[in-house]
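Observations on chain architecture
One-letter residues, chain by chain:
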Amino acid sequence: MSFVFYDSRSTQFKKPFGALRAGEQAEFRVHLPKGGAYRAPRLLLYQADQWDQPQPVAMSFVKAEPSYNVYACKLSLPAPQLCFYCFELALPNGGVKKLTRTEDGEAALSDAASNLWQLTVYAAELETPDFLKGGVMYQIFPDRFCDSGEARDGVPGDRKLHENWYEMPDYLPNAQGEITNSDYFCGDLKGIMQKLDYLHGLGVTCIYLNPIFEAHSNHRYNTADYNKVDPLLGTEDDLRALCEQARALGIRVILDGVFSHTGDDSVYFNRRGRYPGEGAYNSQQSRYYPWYDFQHWPNQYSSWWGFDTLPNVNELHPDYIEFICGEQGVLRHWLELGVSGFRLDVADELPDGFLDALTASVKGYDPDALVLGEVWEDASNKIAYGVRRRYFLGRQLDSVMNYPFKDAVLSFVRYGGGAELCRAVMTILENYPKPVVDVLMNCLSTHDVERAITKLAGPPMDGRDRQWQRDHHFLSEADYQNGRALFQLAEVLQFFLPGVPSVYYGDEVGMTGYRDPFNRCTYPWESGDRDLLAFTRELSALRGEHRGLLSDAPFLAVDYSADCFAFTRMKDGEGLLIAVNRGDQPYALDLPFDPEPLLGSWADGVLPARSFLIGKV
């Protein structure tokens with residue numbers, strides 16, 4: 001075993017683990033082997049992106065152990081900031097060596113200050129919504145979840161309405177070569193209300209709705225009117241009733257907010273002339289004209305990823321900020337109807353000033369409301385469009401969609417690699433503030449990625465076109481059974497890793513599909529895998545029984561290999577063991593305790609092939 005100079009993930013070397021509250025004191029310790037080869041250690045602290053100006057912090061001798069000496073320093077930073085650090089050691093010849101970070105958080109000797117450890121320092125007052133902690137989220141694509149069958153008023157006549165709930169969504173271009181997403185299955189808010197008992201029985205405590213604002217596509221990410229429910233979904237009264245009925249069952253509702261762009265077919269831009277007033281496309285005297293960036297009015301303008309149907313807005317324009325975030329703004333309008341927060345589409349494209357105003361507005365109305373961002377990478381250190389983001393330092397995001405967990409869990413379950421999974425989990429836990437970790441949105445599928453069972457057992461998509469995706473939408477029976485078994489193992493990890501499991505509607509009954517629109521098919525109320533549904537309910541019920549523990553209990557990996565991953569969630573000496581064997585052979589767990597099985601397979605310390613254990617310790 002190699003000598004351990006430092007390990008950021010062990011409280012023997014750094015206490016407390018992970019991110020710090022501003023003003024909180026941390027202690028760093030290094031071990032130097034006896035013999036005098038290294039001496040006079042000091043910590044070098046770098047503020048993010050100021051790599052030539054480290055702050056040196058001297059370390060003092062603490063004690064001698066048989067084979068090494070211990071040195072330590074204490075550090076307290078008064079203001080929120082993102083920092084990085086390494087250590088410098090003096091050599092007898094007058095030179096220096098650096099201790100820099102390995103991928104597992106331990107130290108390696110180096111000649112240069114590369115591969116630094118991260119130290120996130122977040123606002124002392126940062127707290128995140130209690131209603132989400134320890135709960136279960138359920139993501140609904142509104143058009144495809146449930147059709148109440150009731151009549152709607154004011155539905156535009158240019159929409160194609162499917163007559164058969166179980167048809168495949170339109171996926172080929174029209175005669176003009178355009179994909180318009182203008183076909184609808186008529187799922188609505190009253191339909192969701194009809195299924196609240198179903199969701200309650202699934203253990204759901206928070207519903208996340210993809211966009212419900214009026215928009216002229218089935219996905220509704222091209223907002224037409226921020227202050228109106230889309231007429232196919234219902235009315236404001238329907239939303240109010242949904243929020244009230246859900247809350248009576250202990251379920252909150254959050255909405256998708258799309259604030260980086262609007263639709264071109266909208267009140268604000270009005271390129272199609274659908275609305276009676278003047279939009280930015282119609283007149284340079286329009287109130288909305290300054291919201292957009294025209295290179296040559298009216299037909300040349302900045303748009304989201306080059307799609308001219310999605311003109312970008314200037315989020316920092318004072319009138320736009322007031323319109324969205326003001327006392328009478330869009331956010332307050334929906335909060336007053338009973339919603340409990342917002343998921344922010346493409347949060348990395350929203351500038352800091354806008355995010356600050358948005359969060360101030362939401363929290364000013366309800367401090368326990370949720371602000372959750374769509375960020376695909378490690379959100380604690382992300383650089384977007386040349387700007388180092390400060391999502392978690394205070395006054396911005398409570399949480400993000402935890403795509404790093406999703407990718408790591410699915411990769412482990414399909415291909416193996418317990419060490420890689422552990423590394424991914426520990427990186428997030430080390431870099432993110434603890435209040436953020438407690439409300440992370442841990443998904444296995446979403447509307448933007450393949451359904452989990454397809455990802456686990458289907459042939460890799462590898463950039464295939466929509467026709468190929470349609471042809472491979474339904475898996476063979478053998479592939480489905482394989483994917484189902486792997487998905488159950490992934491669900492075990494999802495439901496008990498730190499954060500909040502987010503079930504994408506229909507995953508619990510085995511829905512399959514590649515990318516949009518095949519991952520957005522209708523919920524199969526008359527069919528679906530009922531055994532898988534029963535399994536998901538069982539997991540959720542077990543999670544609910546331990547909600548207090550799982551709302552904030554620390555994670556500790558206790559055994560992992562190519563095919564096995566086992567960890568505990570422990571608090572005050574009690575907790576749960578979760579172990580998954582994704583391999584084809586039994587696996588003998590190396591544990592210092594004997595768990596009491598609650599769910600899964602377990603015999604004399606051995607996990608059977610393709611099995612799991614949830615046990616009490």
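Residues numbered from 1 in each chain as written. Predicted model: local features only at pLDDT ≥ 70, side-chain atom pairs only at ≥ 80, totals over all residues. Heavy atoms only, no water.

1. Re the sheet that holds strand S34 (residues 611–616)
- Strand order in the open sheet formed by five strands is S28-S29-S30-S34-S32, and the pairing between neighbours is antiparallel. The open sheet has two free edges, formed respectively by strand S28 (555–560) and strand S32 (596–600), since each of these has just one partner strand. The sheet shows a mean angle of 20° between the axes of neighbouring strands, direction not considered.
- Here strand S30 (residues 574–581) runs beside S34; their pairing, made up of six bridges, is antiparallel. Bridging from a neighbouring strand, Leu 577 pairs with Gly 615 of S34.
- Strand contacts of helix H12 (residues 477–496): strand S29 (564–571), S30 and S34, with the helix running at about 155° to S30, the strand carrying the most contacts.
- Packing against the sheet, helix H13 (residues 530–545) makes contact with S32 and S34, and its axis sits at approximately 145° to S32. (Pairing = 2+ DSSP bridges. Helix = DSSP H or I, 4+ residues; strand = E, 2+ residues; numbered from the N terminus. Axes fitted to C-alpha atoms, helices over the stretch in contact; angles between N-to-C directions. Contact = heavy atoms within 4.5 Å.)

2. Describing the pattern of salt bridges
- Under the definition given, this model contains 49 salt bridges.
- Linking Arg 21 and Glu 127 is a salt bridge whose minimum nitrogen-to-oxygen distance equals 3.2 Å. In this pair, Arg 21 sits in strand S2 (residues 20–21) while Glu 127 sits in the loop between strand S11 (117–122) and strand S12 (137–140), placing the two residues 106 residues apart along the sequence.
- In this structure, the salt-bridge partner of Asp 104 is Arg 423, at a minimum N-O distance of 2.9 Å. Highlighted residues: Asp 104 in the loop between strand S9 (96–101) and strand S10 (107–110) and Arg 423 in helix H8 (residues 418–431), separated in sequence by 319 residues.
- Given a relative accessible area of 35%, Asp 104 falls into the partly exposed group.
- Via salt bridges that share partners, Asp 256, Arg 343, Asp 345 and Glu 374 belong to a single interconnected network. (Salt bridge = Lys/Arg side-chain N within 4 Å of Asp/Glu carboxyl O. Buried < 20%, exposed > 50% of the residue type's maximum accessible area, 1.4 Å probe, protein only.)

3. With respect to H12
- The first and last C-alpha atoms of H12 sit 29 Å apart over 20 residues, in line with the 28 Å expected at 1.5 Å per residue.
- Most of H12 is tucked away: 14 of the 20 residues are buried. (Expected span 1.5 Å × (residues − 1).)

4. Details of the pairing of strand S7 (residues 68–76)
- By the criterion of burial, S7 is predominantly enclosed, with seven of the nine residues buried.
- Direction of pairing for strand S3 (residues 25–33) relative to S7: antiparallel, over a ladder of nine bridges. Note that in S7 the partner of Gln 25 across the bridge is Ser 76.
- In this sheet, S7 lies alongside strand S6 (residues 60–64) in antiparallel orientation, the contact comprising four bridges. In the strand pairing of S7, Lys 63 is matched with Val 70.
- Between S6 and S7, which pair antiparallel in sequence order, lie three residues.

5. A short note on the layout of surface pockets
- Roughly 1300 Å³ of volume is contained in the largest pocket.
- Surrounding the largest pocket, 41 residues form its lining, Asn 181, His 219, Phe 307, Thr 309 and Leu 310 being those nearest its centre.
- Lining the second largest pocket we find 32 residues, and of these Arg 9, Phe 17, Met 426, Leu 429 and Phe 555 sit closest to its centre.
- At the level of elements, H8, helix H9 (434–437) and S28 are the ones that each hand at least two residues to the lining of the second largest pocket.
- Broken down by element, the residue count for the lining of the second largest pocket peaks at five residues, all from H8.
- Among the residues forming the lining of the second largest pocket, the class breakdown is 18 nonpolar, three polar and 11 charged. (1 Å grid on protein atoms, 1.4 Å probe; cavity = no way out; pocket = protein on both sides within 12 Å on 5 of 7 lines; lining within 4 Å. Points joined across faces, edges and corners; volume = space filled by probe spheres on them. Nonpolar A, V, L, I, M, F, W, Y, C, P; charged D, E, K, R; others polar.)

6. Details of the side chain of Gln 396
- Tracing the backbone shows Gln 396 in the loop between strand S24 (387–388) and strand S25 (399–400).
- In this structure Gln 396 comes out as buried when scored by relative accessible area, which is 3%.
- Of note is the side chain of Gln 396, whose polar atom sits 2.9 Å from the side chain of Asp 352.
- At 3.1 Å, the side chain of Gln 396 and the side chain of Asp 356 are in polar contact.
- Gln 396 has contacts with Asp 352, Leu 355, Asp 356, Thr 359, Val 371, Arg 390 and Tyr 391, leaving out every residue within four places of it along the chain. (Polar contact = N/O pair within 3.5 Å; in protein donor to acceptor, adjacent residues only side chain to side chain.)

7. A word on the packing of helix H4 (residues 318–325) against helix H6 (residues 352–365)
- At their nearest, the axes of H4 and H6 sit 10 Å apart, and the two run at 25° to each other. Classified by the angle between their axes, H4 and H6 sit roughly parallel to one another. Viewed along their axes, H4 and H6 form a crossing whose handedness is right-handed. From H4, Tyr 320, Ile 321, Ile 324 and Cys 325 reach across to H6, where they touch Phe 354, Ala 357, Leu 358 and Ser 361.
- Partitioning the contact of H4 with H6 into residue classes produces seven nonpolar, one polar and no charged. (Parallel < 35°, antiparallel > 145°, perpendicular 65-115°, else oblique. Left-handed = near helix turned anticlockwise from the far one by under 90°.)

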